[in-house]
Amino acid sequence: MLEQVKAVIFDLDGTLVDSMGLWKDIDIEFLSARGIEYHDDLQEKIEGMSFTETAVFCKDYYRLEESVEELKAIWNRMADYKYRYEVKLKPGVMEFLDCLKEQGMKLGIATSNSKELIEAVNAAYHFDSYMSCIVTSCSVKKGKPAPDVYLEAARQLGVKPEECLVFEDIVKGIEAGKNAGMKVCAVEDAYSRSQREKKKEISDYYIESYDDIKNNSYYRAGDRLVQI
């Protein structure tokens, strides 16, 4: 998987940390406080959007009175404690990061989340001790599935897109990595379980956990021998 790879770039939510599920609870609380009913298709509508794009969408879709910046501040406050104290790592993450660091691999994060919540989760897990860059989709023109955030991460890491391996948990994130011309490993996540076959179809690799890489038991496109 790591042959001819000079940099590894990770999505954050659902990829490094098991955080996707908490957003449904936040959305329900946020909308109910405004007398708005939550529908399960909301996450599908905003999937891949940057934090700012999500705020723009929700303001227009729900006709909210708050400004885009006010909405982002509210969501950051609602999620801050959870990211600092409740969000768990995906299985095998730290061992894999240690392994990559020992190999001298360049590492980065490219996320749709806000810089404030990245700072919150970093306070718990110190990802900045591994990562040479952390890029948010709010800092580029378009969120996922556009390639912008991954191309910017590669630029900051000083590598060519084709020299990068991306880890992602949702279809639009995988598409963003592929659109950037990078290899992509899809990561199993309960939130995107319904996308499992599509994720395997469009990615280069698929893992149930990062331990699969160590055990050489991951799915590789076109190779049935290691299919999981």
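Before reading further, recall that the structure is shown in the block above.
Sequence order sets the numbering: in each chain, residues are counted from 1 along the sequence as written. With the structure being a predicted model, the display of local features is reserved for residues of pLDDT at least 70 and the display and counting of side-chain atom pairs for 80 or more, all residues being used for whole-chain, interface and lining totals. Where side-chain values are given, they derive from all heavy atoms of the structure, hydrogens and water being excluded.

**Brief notes about helix 5 (residues 93–102)**
Of the positions making up helix 5, those classed as buried are Val 93, Phe 96, Leu 97 and Leu 100. For helix 5, the angular spread of the buried residues around the axis is 100°, confining them to a single face. In helix 5, those exposed residues whose orientation departs by more than 90 degrees from the buried face are Glu 95 and Glu 102. In this fold, the buried residues of helix 5 make contact with strand 1 (7–10), strand 3 (88–89), strand 4 (106–111), strand 6 (164–168) and helix 10 (211–214). Relative accessibility thresholds used throughout: buried, under 20% of the residue-type maximum; exposed, over 50%; partly exposed, between the two (1.4 Å probe, protein chains only). Under the DSSP-based scheme used, a helix requires at least four consecutive residues in state H or I and a strand at least two consecutive residues in state E, with every element numbered from the N terminus. The directions considered for the arc are those from the helix axis to the C-beta atoms. The contact criterion used throughout is that any non-hydrogen atoms of two residues lie within 4.5 Å.

**Some thoughts on the pattern of salt bridges**
Any carboxyl oxygen of Asp or Glu within 4 Å of a side-chain nitrogen of Lys or Arg constitutes a salt bridge here. By the definition in use, this model includes 17 salt bridges. Between Glu 201 and Lys 198 there is a salt bridge whose closest N-O contact spans 4.0 Å. With a gap of three residues between them, Glu 201 and Lys 198 both fall in helix 9 (residues 196–202), about one helical turn apart. When its relative accessible area of 58% is taken as the criterion, Glu 201 is described as exposed. For Lys 198, a relative accessible area of 36% translates into the label partly exposed. Shared partners join several salt bridges into a network, and the residues in it are Glu 188, Arg 193, Arg 196 and Glu 208.

**A word on the sheet that holds strand 7 (residues 183–187)**
Sheet strands pair by backbone hydrogen bonding; their relative direction is either parallel or antiparallel. Paired strands, as defined in this entry, are two strands with at least two bridges between them according to DSSP. The seven strands lie next to each other as 5-4-1-6-7-8-9, forming an open sheet whose pairing is mixed. Across the chains shown, the open sheet's two edge strands, defined by having one partner strand only, are strand 5 (133–136) and strand 9 (219–220). Pairing between strand 7 and strand 8 (residues 205–207): three bridges, direction parallel. Within the sheet, the bridge partner assigned to Cys 185 lies in strand 8 and is Tyr 205.

Any functional reading would require information beyond the geometric quantities listed.
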